[in-house]
2 protein chains.
Amino acid sequence: MPKETFFNLSEDKRARIETVAIEEFAENSLNSASVNTIVSKAGIAKGSFYQYFENLEDLYQHILKIAQKRKLGLISSLPSPSGNMDTFRYLQRLLLVDLAFELNYPRLSQVERRHKFENPITSSIDPETGQRFSGDGRFHAFLSQGILHDDIATWVDTDLAAYALEVLSSWLSPYLLERLEQDSGKTIEANQELSSDPLVQDLLQNLLDILMAGMSRDPQIRKDFYSK
Amino acid sequence: MPKETFFNLSEDKRARIETVAIEEFAENSLNSASVNTIVSKAGIAKGSFYQYFENLEDLYQHILKIAQKRKLGLISSLPSPSGNMDTFRYLQRLLLVDLAFELNYPRLSQVERRHKFENPITSSIDPETGQRFSGDGRFHAFLSQGILHDDIATWVDTDLAAYALEVLSSWLSPYLLERLEQDSGKTIEANQELSSDPLVQDLLQNLLDILMAGMSRDPQIRKDFYSK
DNA sequence: CCTCATTGTGACCGACTGGTCATATTATAT
DNA sequence: ATATAATATGACCAGTCGGTCACAATGAGG
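Residues numbered from 1 in each chain as written. Chains lettered and ligands numbered in written order. Predicted model: local features only at pLDDT ≥ 70, side-chain atom pairs only at ≥ 80, totals over all residues. Heavy atoms only, no water.

A. The confidence of the model for chain A, seen in detail. Confidence along chain A averages 87 in pLDDT terms, with 86% of residues attaining 70 or more. Below pLDDT 50 for its whole length, residues 221-228 of chain A participates in 16 contacts with residues either more than four positions away or in separate chains. (pLDDT = per-residue confidence, 0-100. Contact = heavy atoms within 4.5 Å.)

In structure tokens:
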């Protein structure tokens, strides 16, 4: 945790440091990020840095917490909680969260992606259910409800599916953003409303159709192929 | 390209350097990898290093070429070329290539993944077809044949699907490997035949069923949900 | 043996790294 | 104005970085 001194800083100075740090951690892993670069870009003395943080990792963890906080903020700002929501919209909402995160905080999103890359799958056995459990659980929860609502077939391996969905969701956003930019020919500025862009909606629908159709039915297709 | 001196080296010395380098690049990006570490672990003098390579990037590119070469070797060692193959087996084969690569050269596979991470999507417009084109084209080719054989619906956005499949394939392998290890309780040694392990076959089948079922049919599912 | 080319070596260089600390500056309270 | 606490600063440290280079070792042809 950053020291008290850091939190006593003026709003703009703290924001400046955080912005610079986010940019640094988006481009470099914790090992290769540079304190000197950060203090120089942020316009503070090196000594000051060590009055605010124990070390680089201290700042890194702080940035990760910011990412977590902002993503939670986005989740609560998106329409309706997940209780009485049909399975299709549930998954759509999960993907939209990551997309909105990418649109609003692209560099922070990159920090998070890099973090996931450097600290990969931490799957383990859930002590409560005795089931395998990987990732942050969002997609496990989705799959559970989907199966409960009979919208997802029971033969689907939930841990595999959750892992695949998490990977997909994490990497889908930058793809959509880049495709959007190439389509409109201009850079997209941070705007949460852009997730309602027709092209994005279309592509998202496309992927959702594939996934939902694939997970909801019997794997008849395979037998079809074999009997051909 | 490495200098001639490097290729004149004895087989074991060259292999030793390459192995050490692969390990270093699996753990560090090009920026944070260390010449000193490599020469120290490989047991050669620093001066020697610069008689073999122009610089670190020179070695890095060499390692990437090794990865490419070995993957090609795996592709040609796997059953039957892609001409007269049904769509399901085609996709299965593509995923198996990455899986075999992970099993036989796990650290090299990690180097490749890291490389993809640091040098992300380079999608552009294919000058021949005028279509969008991202990744190495393996999955684009697959999708084209699938559509041709009427096994993949035409409404599927091929570039989005190809991107998603590439991401999935790249990240599926380490997941399967880890799951296999956790299931059998022991570490898996390099063995291409292990891709025929029942658990792996099962999980692969599971994912293939989802993907193929999802991509082969009309997106009826969506309308079902809306009319609920 | 000598010659010449190739290969191997590690001390050395300037630049940069994370981290420290004595000192200077500022703010607060009396 | 004075005293005290909180904050800001950059010179400085030991260590590591990529890269060089004068020199030593090795091998081949004669």
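Next comes the rest of the description.
B. Structural view of the protein's contact with DNA strand C. In the vicinity of DNA strand C there are 17 residues, among which Lys 46 and Tyr 50 of chain A together with Gly 47, Ser 48 and Tyr 52 of chain B approach most closely. For DNA strand C, the backbone portion of the atoms within 4 Å of the protein, that is sugar and phosphate, comes to 57%. In this structure, Ala 33 of chain A approaches DNA strand C through a main-chain N or O atom, which is 3.1 Å from a phosphate oxygen. Note that a base oxygen of DNA strand C is positioned 2.7 Å from one of the side-chain N or O atoms of Lys 46 of chain A. In terms of residue count, helix α4 (residues 46-52) of chain B provides more of the surface near DNA strand C than any other element does, four residues in total. When the residues that make up the surface near DNA strand C are grouped by side-chain class, the tally is six nonpolar, nine polar and two charged. (Near = heavy atom within 4 Å. Polar contact = N/O pair within 3.5 Å; in protein donor to acceptor, adjacent residues only side chain to side chain. Helix = DSSP H or I, 4+ residues; strand = E, 2+ residues; numbered from the N terminus. Nonpolar A, V, L, I, M, F, W, Y, C, P; charged D, E, K, R; others polar.)

C. View of the protein's contact with DNA strand D. Around DNA strand D sit 18 residues in total, of which Gly 47, Ser 48 and Tyr 52 of chain A together with Asn 36 and Lys 46 of chain B are the nearest. For DNA strand D, the fraction of atoms within 4 Å of the protein that belong to sugar or phosphate moieties is 51%. In the environment of DNA strand D, a phosphate oxygen lies 3.4 Å from a nitrogen or oxygen atom belonging to the side chain of Lys 13 of chain A. Note that a phosphate oxygen of DNA strand D is positioned 3.1 Å from one of the backbone N or O atoms of Ala 33 of chain B. Broken down by element, the surface near DNA strand D gets its largest block of residues, five residues, from helix α4 (residues 46-52) of chain A. Tallied by class, residues from the surface near DNA strand D come to six nonpolar, nine polar and three charged.

D. Just the environment of Thr 154 of chain A, in detail. All names here are of chain A. Structurally, Thr 154 is set in the loop between α8 (138-148) and α9 (158-184). On the accessibility criterion, Thr 154 (68% relative accessible area) is exposed. In sequence terms Thr 154 and Met 215 are 61 residues apart; their C-alpha atoms lie 9.0 Å from each other. (Buried < 20%, exposed > 50% of the residue type's maximum accessible area, 1.4 Å probe, protein only.)

E. Examining the environment of Tyr 50 of chain B more closely. All names here are of chain B. Along the chain, the position of Tyr 50 falls in helix α4. With a relative accessible area of 38%, Tyr 50 lands in the partly exposed category. Between the C-alpha atoms of Tyr 50 and Lys 3, which are 47 residues apart in sequence, the distance is 9.1 Å. Ignoring sequence-local partners within four residues, the contact set of Tyr 50 consists of Lys 3, Val 35 and Asn 55.

F. Just the packing of aromatic side chains, in detail. Residue and element names in this part refer to chain A. All told, the structure shown has 23 aromatic pairs over all chains when counted by the stated rule. Here Phe 49 and Phe 53 contribute two aromatic rings whose centre-to-centre distance is 5.1 Å and whose plane-to-plane angle is 50°, an arrangement assigned as tilted. Residue Phe 49 is classed as buried on the basis of its relative accessible area, which comes to 0%. Taking relative accessible area as the criterion, Phe 53 reaches 0% and is therefore assigned buried. Pairwise contacts between aromatic rings join Phe 6, Phe 7, Phe 49, Tyr 50, Tyr 52 and Phe 53 into one cluster. Over the face of the ring belonging to Trp 171 we find Arg 113, whose NZ or CZ atom lies 5.9 Å from the ring centre. (Phe/Tyr/Trp six-rings, centres within 6.5 Å; stacked < 30°, edge-to-face > 60°. Lys NZ or Arg CZ within 6 Å of the ring centre and 35° of its normal.)

G. Representation of the nonpolar core. Ranked by internal contacts, the top residues of the largest apolar core, which has 82 residues, are Leu 91, Phe 142 and Met 215 of chain A together with Leu 91, Phe 142 and Met 215 of chain B. Going through the elements one at a time, α6 (87-104), α8, α9 and α10 (198-216) of chain A together with α6 (87-104), α8 (138-148), α9 (158-184) and α10 (198-216) of chain B are the ones with two or more residues in this core. Apart from the residues within four sequence positions on either side, Leu 91 of chain A is in contact with Phe 139, Phe 142, Leu 165, Leu 208, Leu 211, Met 212 and Met 215 of chain A. (Core = buried A, V, L, I, M, F, W, Y, C linked by side-chain atoms within 4.5 Å.)

H. Structural view of the packing of helix α2 (residues 11-27) of chain B against helix α3 (residues 35-42) of chain B. Residue and element names in this part refer to chain B. Here α2 crosses α3 at 140°, and the two axes come no closer than 9 Å. Classified by the angle their axes make, α2 and α3 are oblique. Crossing of α2 over α3 shows right-handed handedness. Where α2 abuts α3, its residues Arg 16, Ile 17, Val 20, Ala 21 and Glu 24 lie against Thr 37, Ile 38, Lys 41 and Ala 42. For the contact of α2 with α3, the per-class residue count stands at five nonpolar, one polar and three charged. (Axes fitted to C-alpha atoms, helices over the stretch in contact; angles between N-to-C directions. Parallel < 35°, antiparallel > 145°, perpendicular 65-115°, else oblique. Left-handed = near helix turned anticlockwise from the far one by under 90°.)

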